[in-house]
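Residue-level structure breakdown
Here is what each chain is made of, one letter per residue.
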Amino acid sequence: MKRLWLATAAILVASCVSQPVPSPEPEKPVQRTEEYKVPIVIKETVSFADGVVERVVEHSYDDGYARLLSTVARKPSSPDPVERVDYEYSGGELAAKSTFGADGALSSRSEYAYGSGGALARETIKDGVGGVQSVSEWRWSDGRKASWRVLSAAGLVLARTDYSYKGDVPAAASMYDGAGALQGRLEYGYENGIVLSRIEYFDATGVRDGWIDYVHANGRLTQESAYRADGRLERRLSYEYSPDGALIKRILADATGKTREIVGYDYAYRTETRIVTSE
């Protein structure tokens, strides 16, 4: 009897030893919804270097600041607008943009059409009485802009720009006239292969005709400097930001470093939500 008990105990022990210990199930990622603020420009104040205001541009939006409805530019010396631009939408896309002069009359209108993927395919620019002035057409490939053509009112090609890429970023843009003759070329340079650091301009013969250098800090553009073909500085733009990353000031300086124009930006904030996943 004792042997039977010992044998049974041994079998039970062996059985316990041979059973795998279940691994703890991995913890599932935790998702939460959080709100964040998106800065929306509501006013631009353009001033001369001495601080005298040259013009003020006010932007109006729908409820929630989702869509820009109009912009109105005024001189500080007059309450009447010098220009007003109204925006129209259809199916969630910008459908038209109408520009009115100081007299309130329509001066131009741009109408937009989109491809099946939602990419901009055509812009038709008309004058104040509805006559077509020019048409721009864009062709896309794999979600990237492949070419841009400008046509006359009669449908004749006036200019064309073809784009090439290196990976996911633009590498070059070649510009042609209506007859297909090369007029110039842009080449794009990047820091770490991602952040735009330079655009170089070349004429039809391949001679460099100037360039723009871009400086970034903390993921934001802080300065762009335009140079002539001989390397002389032509102008410089500097950008300043608020702690939340909104652009609050753009400063234009000439080749000597003298400030020529200052643009200040005022903001409202749109509240949006996003899903955040944590392990």
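How each quantity is defined
Starting afresh in each chain, residues are numbered from 1 along the sequence in its written order. For this predicted model, a pLDDT threshold of at least 70 governs which residues receive local features, and a threshold of 80 or more governs which side-chain atom pairs are given and counted, while totals over whole chains, interfaces and linings are taken from all residues. Processing note: side-chain calculations cover all non-hydrogen atoms of the structure and skip hydrogens and water entirely. Secondary structure elements follow DSSP: runs of H or I of four or more residues count as helices, runs of E of two or more count as strands, with numbering from the N terminus. Throughout this description, a polar contact denotes any pair of N or O atoms lying within 3.5 Å of each other; where both atoms belong to protein, one of them has to be capable of donating a hydrogen while the other can accept it, and for residues adjacent in sequence the pair is counted only when both atoms sit in side chains. Pairing of aromatic rings covers Phe, Tyr and Trp, the last counted by its six-membered ring, and requires centre-to-centre distances within 6.5 Å; plane angles under 30 degrees mean stacked, over 60 mean edge-to-face, and any other angle means tilted. The buried label applies to any residue whose accessible area, calculated with a 1.4 Å probe on protein chains only, is under 20% of its type's maximum; exposed applies above 50%, and partly exposed to all values in between. The criterion is that NZ of a Lys, or CZ of an Arg, lies within 6 Å of the ring centre and within 35 degrees of the ring normal, and then a charge sits over that ring. Side-chain atoms within 4.5 Å are what join buried Ala, Val, Leu, Ile, Met, Phe, Trp, Tyr and Cys residues into a set we call a nonpolar core. A contact between two residues is defined here by any heavy atoms of the two lying within 4.5 Å. By this definition, two strands are paired if DSSP reports at least two bridges between them. A residue's pLDDT is simply how confident the predictor is in it, with values from 0 to 100.

Turning our eyes to something else, we now look at the side chain of Arg-270. Within the secondary structure layout, Arg-270 lies in strand S18 (residues 259-278). A distance of 2.7 Å separates the side chain of Arg-270 from the backbone oxygen of Tyr-65, its partner in a polar contact.

What follows is about the packing of aromatic side chains. Scanning the entire structure with this criterion turns up three aromatic pairs. Between Trp-138 and Trp-148, the ring centres sit 6.1 Å apart and the planes meet at 10°, which makes this aromatic pair stacked. Pair noted here: Trp-138 is in strand S8 (residues 132-141) and Trp-148 is in strand S9 (residues 144-152), with a separation of 10 residues, a long-range link. On the accessibility criterion, Trp-138 (16% relative accessible area) is buried. What makes Trp-148 partly exposed here is its relative accessible area of 30%. Its end group placed over the ring of Tyr-241, Arg-220 keeps NZ or CZ at 5.7 Å from the ring centre. The ring centre of Tyr-36 lies 4.2 Å from the NZ or CZ of Arg-274, which sits over that ring.

With that settled, the discussion passes to the nonpolar core. Soluble globular proteins tend to pack their nonpolar side chains together in the buried interior. By size, the foremost hydrophobic cluster in this structure holds seven residues: Tyr-163, Ala-173, Leu-186, Ile-199, Ile-212, Tyr-214 and Ala-226. In this structure Ala-173 touches Thr-161, Asp-162, Tyr-163, Gly-184, Arg-185, Leu-186 and Tyr-188, once residues within four positions along its chain are discounted.

It is worth spelling out the environment of Arg-270 at this point. Distance in space between the C-alpha atoms of Arg-270 and Ser-174 is 39 Å, their sequence separation being 96 residues. A polar side-chain atom of Arg-270 sits 2.7 Å from a polar atom in the side chain of Glu-272.

Notably, Asp-142 is not glycine yet its phi reads approximately 55°, a positive angle. On the basis of relative accessible area, Asp-142 is assigned to the exposed category, the value being 74%. If you check the backbone angles, Asn-192 has positive phi at about 60° while not being a glycine. Position of Asn-192 relative to the elements: it lies in the loop between strand S12 (182-191) and strand S13 (195-203).

Note: S12 against S13, eight bridges, orientation antiparallel. Bridge pairing in S13 places Tyr-190 opposite Leu-196. Linking two consecutive strands that pair antiparallel, namely S12 and S13, is a turn of three residues; a positive phi of about 60° is found at Asn-192 within it. Bridge analysis of S13 against strand S14 (residues 208-217) gives four bridges, and the strand direction is antiparallel. Residue pairing across strands places Phe-202 opposite Arg-208, the latter belonging to S14. What sits between S13 and S14 in their antiparallel hairpin is a turn of four residues, with Gly-206 showing a positive phi close to 95°.

In this section: the confidence of the model for the protein chain. Per-residue confidence for the protein chain gives a mean pLDDT of 91; residues scoring 70 or more make up 91%. Segment residues 1-18: pLDDT under 50, and zero contacts once partners within four positions in sequence are set aside and those in other chains are kept.

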